[in-house]
Amino acid sequence: MNHLWRMFGLLTLLGCLSACERANGVDAQATAALTPMPPVWHYGDFKKASLGIGANLNGAIAFPANNDWNSYIWNAPVDPQSDQIIASIGLDTRLHADFGSGLYKGKPVGIPYVVVSGNQRAVPIHIVAYQDESDPGPYPVPPNAPIEGGPDGEQDRHVIVIDRDNNRLYEMFRAFPQPDGSWNADGGAMFHLDANRVRPFAGPGWSSADAAGLPIFPGLVRYEEASAGVIAHALRFTVARSRKAYVPPATHWASNQTASNLPPMGLRVRLKASVPIPESFSTEGKAILQALKTYGMFVADNGANWFLSGAPDDRWDNDRLRKEIGSVRGSDFEVVKMEGLVTP
């Protein structure tokens, strides 16, 4: 019954959003992102997911329904530093979809993942840089696991594996396969997809395969969800300059700068309720923008400003995706009040 109450809650929420936006003179159609309905959601349960690279999850969502990643923030208080922080990221800079279909400069666009069964053989993982903040192997990484940027990728080279039968998530960065089936990686992390204590063996100050210490996969935009009309979780984005601080659920900072106008890791922003979502936008575009209003997105890593992360999929329409996501500017966002800010 939990999924029925959750769906009822989202419908009620969007109804409230529409009423609020009508009161502000905004077209109520801007929030109409619920057609067609998504599959029944399975919070923290991936056993119905399909297998393979970029596989459909068939309604699985990482972590329990009351996890931070899945919480509504559409009506949360705005942080007093919101204007200054948004300005530091870029008021006029457009939101950029850092994912899509096909290749860009010969490399796949986005962060890929693979779903395996509980029978997948676990292989040794050799952590070569951040061993003290990594979860030791072995991990159930198949030899054909996709690498961000492709086999010859030169940057983060993230590898993401979901063990559907055990509800576990494994992530590595700067990952390189070895001839004996093992992997070398700068860092690695294992997350429990079925619990709110998502990384039970990690402590404050730990990084992960991401600078913020967060899991990467839960924040990816995926075609399966967007094309169904609803993305029911927060998303992930990058900034060029961050602060030496973090906000839970992040656990790690990645900067020496201390200016209070810079975003800490784990900062959460949302698309303002007053920003219209045109009815002419695609189902995918409307779902993404509505998720940014309802759930927002976390600062997860240093990179280009306002780069929104997603998984590659040949079904994305790159031209339309870039146009619709790029219709949003930095000034269209606001910072959700920071609770539990951790500083040196």
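Preceding this section is the structure that the text describes.
What comes next is a walk through the structure. Bear in mind the structure is a predicted one, so any value in this text is a computation, not a measurement.

## Thoughts on the overall build of the chain
And step 1. Looking only at helices and strands, the chain features five helices and 18 strands.
And step 2. A total of 344 residues make up the chain; the buried ones form 55% of that total.
And step 3. Summed over its atoms, the accessible surface of the chain is roughly 14,300 Å², and 51% of this surface lies on carbon and sulfur atoms.

## What to know about the pattern of salt bridges
And step 1. Enumeration according to the criterion identifies 11 salt bridges in this entry.
And step 2. Across the pair Arg164 and Asp165 runs a salt bridge whose closest N-O atoms are separated by 3.4 Å.
And step 3. Judged by relative accessible area, which is 19%, Arg164 ranks as buried.
And step 4. Judged by relative accessible area, Asp165 falls into the partly exposed class, the value being 29%.
And step 5. In this structure, a network of salt bridges that share partners links the residues Asp210, Arg236 and Asp301.

## A few points about unusual backbone geometry
And step 1. With an omega of 10°, the peptide bond between Gly137 and Pro138 qualifies as cis.
And step 2. Note that Pro138 resides in the loop between strand 8 (125-127) and strand 9 (159-163).
And step 3. With an omega of 15°, the peptide bond running from Pro248 to Pro249 counts as cis.
And step 4. Non-glycine residue Trp306 carries a positive phi angle of around 60°.
And step 5. Inspection of the secondary structure puts Trp306 in the loop between strand 16 (297-302) and strand 17 (307-309).
And step 6. By relative accessible area, which is 0% here, Trp306 ends up buried.

## Comments concerning the packing of aromatic side chains
And step 1. Under the counting rule described, the total for this entry stands at 11 aromatic pairs.
And step 2. Geometrically, the ring pair formed by Tyr223 and Trp316 is edge-to-face, given 5.1 Å between the ring centres and 85° between the ring planes. Residue Tyr223 is found in helix 3 (residues 223-228), and its partner Trp316 is found in the loop between strand 17 and helix 5 (318-325); the two are separated by 93 residues along the sequence.
And step 3. By relative accessible area, which is 5% here, Trp316 ends up buried.
And step 4. Three or more aromatic residues joined by ring pairs make a cluster, and in this case those are Phe99, Tyr223 and Trp316.

## A short note on the sheet that holds strand 2 (residues 52-53)
And step 1. Spatially, 2-7-9-10-13 is the arrangement adopted by the five strands of the open sheet, whose pairing is mixed. With one partner strand each, in any of the chains shown, strand 2 and strand 13 (187-192) form the two edges of the open sheet.
And step 2. Direction of pairing for strand 9 relative to strand 10 (residues 168-173): antiparallel, over a ladder of five bridges. Looking at the pairing, Ile162 lines up with Leu169 of strand 10.

## Quick notes on the pairing of strand 14 (residues 235-239)
And step 1. By the criterion of burial, strand 14 is predominantly enclosed, with five of the five residues buried.
And step 2. Both faces of strand 14 are covered, namely the face carrying Leu235, Phe237 and Val239 and the face carrying Arg236 and Thr238.
And step 3. Where strand 14 lies against strand 16, five bridges are found, and the strand directions are parallel. Looking across to strand 16, one finds that Phe237 is bridged to Val299.

## Here's the deal with helix 2 (residues 82-89)
And step 1. What helix 2 keeps buried is the set Ser82, Ile85, Ile86, Ser88 and Ile89. End-on view of helix 2: buried residues confined to an arc of 160°, all on one side of the axis.
And step 2. Positive phi appears at Gly90, one or two residues downstream of helix 2, with a value of about 130°.

## Some remarks on the packing of helix 4 (residues 283-294) against helix 5
And step 1. Two numbers describe how helix 4 lies on helix 5: the axes approach to 10 Å, and their chain directions differ by 35°. The way helix 4 lies across helix 5 gives a crossing that is right-handed. Residues Gly285, Ile288 and Leu289 of helix 4 form the contact with helix 5, whose own contacting residues are Leu321, Glu324 and Ile325.
And step 2. Here the contact of helix 4 with helix 5 is composed, by residue class, of four nonpolar, one polar and one charged.

Parameters at a glance
- Residues numbered from 1 in each chain as written.
- Predicted model: local features only at pLDDT ≥ 70, side-chain atom pairs only at ≥ 80, totals over all residues.
- Heavy atoms only, no water.
- Helix = DSSP H or I, 4+ residues; strand = E, 2+ residues; numbered from the N terminus.
- Buried < 20%, exposed > 50% of the residue type's maximum accessible area, 1.4 Å probe, protein only.
- Areas by Shrake-Rupley, 256 points an atom, 1.4 Å probe, with all protein chains shown as cover.
- Salt bridge = Lys/Arg side-chain N within 4 Å of Asp/Glu carboxyl O.
- Phe/Tyr/Trp six-rings, centres within 6.5 Å; stacked < 30°, edge-to-face > 60°.
- Pairing = 2+ DSSP bridges.
- Arc of directions from axis to C-beta.
- Axes fitted to C-alpha atoms, helices over the stretch in contact; angles between N-to-C directions.
- Left-handed = near helix turned anticlockwise from the far one by under 90°.
- Contact = heavy atoms within 4.5 Å.
- Nonpolar A, V, L, I, M, F, W, Y, C, P; charged D, E, K, R; others polar.

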